[in-house]
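Residue-level structure breakdown
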Amino acid sequence: MAVDPFGMAEHRFRTLQEERRQGVLDARAFRAAVRGLAVVDGEGRSWVLGPEDVPAEPPRRLVCQRCGQHNLTRHTFCVECGAQLNRAGL
């Protein structure tokens, strides 16, 4: 029977989430354990599940008008060039 490394990583990820919810793991230990779940596919690409649940929609981004850097909506200033971000329309 073939081993599914992606399925195994997903199962371990869910176990880690439950341990985090129960307080068995603190946030730092949880993130470290999740980083260890990398799976390499047949083309040599590495895949890692994120420490947070994947949202239904990707987070909205603010694009810096000065340098074009994509920033999270929680940012007020560009993480690349430091310019103040235009928050109009959020």
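What counts and what doesn't
- Residues numbered from 1 in each chain as written.
- Predicted model: local features only at pLDDT ≥ 70, side-chain atom pairs only at ≥ 80, totals over all residues.
- Heavy atoms only, no water.
- Core = buried A, V, L, I, M, F, W, Y, C linked by side-chain atoms within 4.5 Å.
- Buried < 20%, exposed > 50% of the residue type's maximum accessible area, 1.4 Å probe, protein only.
- Helix = DSSP H or I, 4+ residues; strand = E, 2+ residues; numbered from the N terminus.
- Phe/Tyr/Trp six-rings, centres within 6.5 Å; stacked < 30°, edge-to-face > 60°.
- Patch = residues over 30% accessible without salt bridge, like charges linked within 9 Å, V, L, I, M, F, W, Y side chains within 5 Å.
- Areas by Shrake-Rupley, 256 points an atom, 1.4 Å probe, with all protein chains shown as cover.
- Salt bridge = Lys/Arg side-chain N within 4 Å of Asp/Glu carboxyl O.
- Lys, Arg positive; Asp, Glu negative; His and termini not counted.
- Charge placed at Lys NZ, Arg CZ, Asp CG, Glu CD.

**A look at the nonpolar core**
In terms of nonpolar packing, the biggest core is built from 6 residues, these being Phe13, Leu16, Leu25, Phe30, Val34 and Leu37. For this core, the secondary-structure elements that each account for two or more residues are helix H1 (5-22) and helix H2 (27-35). Of all hydrophobic cores here, the second largest spans 5 residues; its members include Leu62, Cys64, Cys78 and Ala83.

**Considering the packing of aromatic side chains**
When we look at a pair of aromatic rings, we describe it by the centre distance and by the angle of the planes. Tallying each qualifying case throughout the model produces 1 aromatic pair. Ring geometry for Phe13 against Phe30: centres 6.4 Å apart, planes inclined by 40 degrees, an arrangement best described as tilted. Taken together, the residues Phe13 in helix H1 and Phe30 in helix H2 connect sequence positions 17 residues apart. A residue is classified by how much of its surface remains accessible, and Phe30, at 6% relative accessible area, is buried.

**Remarks on a positive patch on the surface**
The grouping of Arg20, Arg28, Arg31 and Arg35 at the surface amounts to a positive patch. The leading source of residues in the positive patch is H2, at 3 residues. In this structure, Arg31 sits in helix H2.

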